[in-house]
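Descriptive analysis of the structure
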Amino acid sequence: MTIALQATPGPDALVRAAAPDSRALRTALGQFATGITVVTTRACSGPFVGLTVNSFSALSLEPPLILWSLRCSSPSLPVFEEADRFVVNVLAEAQVEVSRRFASPQADKFEGVPHAENTWGLPLLHGASAWFECRTVSRQIAGDHCLFIAEVERFTLSEAAPLLFHAGAYFALGSRL
């Protein structure tokens, strides 16, 4: 796919030559800055499971719903499909290494990462900006991902600034405008 970019956006800023290829589309989607979360749960067999997710979003205030998605080829998908509950840990600026650890294929991602268990025995990562303790209400395959919609049963927030991700790199929040 050929895309011509101009320094100043305008009606002629983009010229599309073909349908987007996945790498170019991923690069363009990376222009949308997001927060970074680690979604955690417990497998039916007992161990904790967690992964780095930036597809997290608020969906509704009444009722309180959130959503996130997970690639269908993820080895963690069966655990989250079976789990009734999970925790969305919104990472703080100081948690870049936590994000990297949970994005890796390491066997025990929780080793050396301070955490506690909530009422349902699910892991809450220490130092996060916010925690959303959720109950899954819907799962749906959409393209190459499974979309999870969940009700927020409890949440907690801290004063820690969130970790941001843009164009393949981590960023600190910086100053308010």
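The coordinates are above.
The notes below deal with the structure included here. Predicted model only: the values in this text are computed from it and were never measured. (Residues numbered from 1 in each chain as written. Predicted model: local features only at pLDDT ≥ 70, side-chain atom pairs only at ≥ 80, totals over all residues. Heavy atoms only, no water.)

Here's the deal with the sheet that holds strand S1 (residues 34-35)
With respect to topology, three strands assemble into an open sheet ordered S1-S11-S12, the strand pairing being antiparallel. Edge positions in the sheet fall to S1 and strand S12 (169-171), since each of these pairs with one other strand and no more. Note: S1 against strand S11 (residues 164-166), two bridges, orientation antiparallel. Note that in S11 the partner of Thr 34 across the bridge is Phe 165. (Pairing = 2+ DSSP bridges. Helix = DSSP H or I, 4+ residues; strand = E, 2+ residues; numbered from the N terminus.)

With respect to the sheet that holds strand S9 (residues 130-142)
The seven strands are arranged S3-S2-S6-S9-S10-S5-S4 in an open sheet whose pairing can be described as antiparallel. The outermost strands of the open sheet, each flanked by one partner alone, are strand S3 (48-53) and strand S4 (57-60). Taken over all neighbouring pairs, the strand axes of this sheet differ in orientation by 35° on average, direction set aside. Contacts from helix H3 (residues 96-103) reach strand S2 (37-42) and S3 within the one sheet, and its direction differs from that of S3 by about 110°. (Axes fitted to C-alpha atoms, helices over the stretch in contact; angles between N-to-C directions. Contact = heavy atoms within 4.5 Å.)

Here we look at the packing of aromatic side chains
The full count for this structure, using the stated rule, is nine aromatic pairs. Taking 5.7 Å as the distance between ring centres and 70° as the angle between the ring planes, the aromatic pair formed by Trp 68 and Phe 86 counts as edge-to-face. A residue pair is termed long-range when its members are at least 10 positions apart, and Trp 68 in strand S5 (residues 65-71) and Phe 86 in strand S6 (residues 85-90) qualify at 18 residues. Residue Trp 68 is classed as buried on the basis of its relative accessible area of 0%. Measuring from centroid to centroid gives 6.4 Å for Phe 80 and Phe 148, while their planes differ by 70°, and the two rings are edge-to-face. Of this pair, Phe 80 sits in helix H2 (residues 77-82) while Phe 148 sits in strand S10 (residues 145-157), and the two are 68 residues apart along the sequence. Of the residues examined, Phe 80 reaches a relative accessible area of 1% and is grouped as buried. On the accessibility criterion, Phe 148 (0% relative accessible area) is buried. (Phe/Tyr/Trp six-rings, centres within 6.5 Å; stacked < 30°, edge-to-face > 60°. Buried < 20%, exposed > 50% of the residue type's maximum accessible area, 1.4 Å probe, protein only.)

Structural notes on the layout of surface pockets
Gaps between atoms show up when a probe of the same size as a water molecule is rolled over them. Here the largest pocket defines a volume of roughly 1,600 Å³. Along the walls of the largest pocket sit 43 residues, with Arg 26, Thr 52, Asn 54, Arg 71 and His 145 positioned nearest its centre. Listed by contribution, the elements that provide at least two residues to the lining of the largest pocket are helix H1 (22-29), S3, S5, H3 and S11. (1 Å grid on protein atoms, 1.4 Å probe; cavity = no way out; pocket = protein on both sides within 12 Å on 5 of 7 lines; lining within 4 Å. Points joined across faces, edges and corners; volume = space filled by probe spheres on them.)

Description of the pattern of salt bridges
Under the definition given, this model contains six salt bridges. Glu 117 serves as the salt-bridge partner of Arg 42, at 3.1 Å between the closest nitrogen and oxygen. Linking Arg 42 in strand S2 with Glu 117 in strand S7 (residues 115-117), this pair joins segments that are 75 residues apart in sequence. On the accessibility criterion, Arg 42 (30% relative accessible area) is partly exposed. Taking relative accessible area as the criterion, Glu 117 reaches 48% and is therefore assigned partly exposed. A salt bridge links Arg 154 to Glu 133, with the nearest nitrogen and oxygen atoms 2.8 Å apart. Residue Arg 154 is found in strand S10, and its partner Glu 133 is found in strand S9; the two are separated by 21 residues along the sequence. Here the salt bridges do not stand alone but share partners, grouping Arg 85, Arg 135, Glu 151 and Glu 153 into one network. (Salt bridge = Lys/Arg side-chain N within 4 Å of Asp/Glu carboxyl O.)

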